[in-house]
Amino acid sequence: DVYGGSWSWERRSILVRYNDKVYAASMNGMPHGTTTIKGNEFNGHVCIHFTDSKTHETNRVDNLHQSAVKRAKNADW
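In this structure, what is going on with the packing of aromatic side chains? I would like to understand it.
Here the distance between the centres and the angle between the planes together describe a pair of aromatic rings. Evaluation of the coordinates by the stated rule reveals 0 aromatic pairs. Of note, Arg-12 hangs over the ring of Tyr-3, and the distance from its end group to the ring centre comes to 4.3 Å.

Written out as structure tokens, the structure is:
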């Protein structure tokens, strides 16, 4: 639903709540890779990035993800 019913590499600002803390992050909406959880009808995975996290393919900080993380820092839970 977040991507309007279509897969997309577009980065989206998100907030991740873990152990009563909220973290600014970015995600893409394109399933990729071979890692799957059996039975969930989702082939692959999507990526979630936090401040200064690196991609698993290039091992570099992705500027588009970092821009989305910065936007998320201005959001409220």
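What's the story with the environment of Phe-50 in this structure? I'm lost.
Inspection of the secondary structure assignment puts Phe-50 in the loop between strand E3 (48–49) and helix H1 (63–73). Residues Phe-50 and Tyr-23 lie 27 residues apart in sequence; the distance between their C-alpha atoms is 7.8 Å. In this structure Phe-50 touches Val-16, Tyr-23, Ala-24, Ala-25, Gln-66 and Val-69, once residues within four positions along its chain are discounted.

Mind showing me how you'd approach the pairing of strand E2 (residues 21–29) here?
Two faces, one strand: in a regular strand the side chains alternate between the faces of the sheet. The pairing of strand E1 (residues 8–18) with E2 spans 8 bridges and is classified as antiparallel. The partner of Ser-8 across the bridge, within E2, is Gly-29. Turn length for the E1-E2 hairpin, with the two strands adjacent in sequence and antiparallel, is 2 residues, and the turn residue Asn-19 shows positive phi of about 50°. Here 2 bridges tie E2 to E3, and the two strands are oriented antiparallel to one another. Among the inter-strand pairings, Met-27 is bridged to a residue of E3, identified as Ile-48.

When you look at the sheet that holds E2 in this model, what are you seeing that I'm missing?
Strand pairing in a sheet takes place through backbone hydrogen bonds and is either antiparallel or parallel in direction. Spatially, 3 strands are ordered E1-E2-E3 in an open sheet, and the strand pairing comes out antiparallel. The sheet is open, and its two borders are formed by E1 and E3, each paired with just one other strand. Those strands touched by H1 are E1, E2 and E3, and its axis lies near 140° from that of E2.

Help me understand the pattern of salt bridges, please; the structure alone is not making it clear to me.
Oppositely charged side chains can pair when the atoms bearing their charge come close. All chains considered together, the criterion is met by 3 salt bridges. One salt bridge connects Arg-11 with Asp-62, and the closest N-O pair in it is separated by 2.9 Å. Within this pair, whereas Arg-11 is found in strand E1, its partner Asp-62 is found in the loop between E3 and H1, the two being separated by 51 residues in sequence. A residue is classified by how much of its surface remains accessible, and Arg-11, at 22% relative accessible area, is partly exposed. Put simply, Asp-20 and Arg-17 hold a salt bridge, and the shortest N to O gap is 3.4 Å. The partly exposed category is assigned to Arg-17, whose relative accessible area is 49%.

Reading the values: the criteria
- Residues numbered from 1 in each chain as written.
- Predicted model: local features only at pLDDT ≥ 70, side-chain atom pairs only at ≥ 80, totals over all residues.
- Heavy atoms only, no water.
- Phe/Tyr/Trp six-rings, centres within 6.5 Å; stacked < 30°, edge-to-face > 60°.
- Lys NZ or Arg CZ within 6 Å of the ring centre and 35° of its normal.
- Helix = DSSP H or I, 4+ residues; strand = E, 2+ residues; numbered from the N terminus.
- Contact = heavy atoms within 4.5 Å.
- Pairing = 2+ DSSP bridges.
- Axes fitted to C-alpha atoms, helices over the stretch in contact; angles between N-to-C directions.
- Salt bridge = Lys/Arg side-chain N within 4 Å of Asp/Glu carboxyl O.
- Buried < 20%, exposed > 50% of the residue type's maximum accessible area, 1.4 Å probe, protein only.

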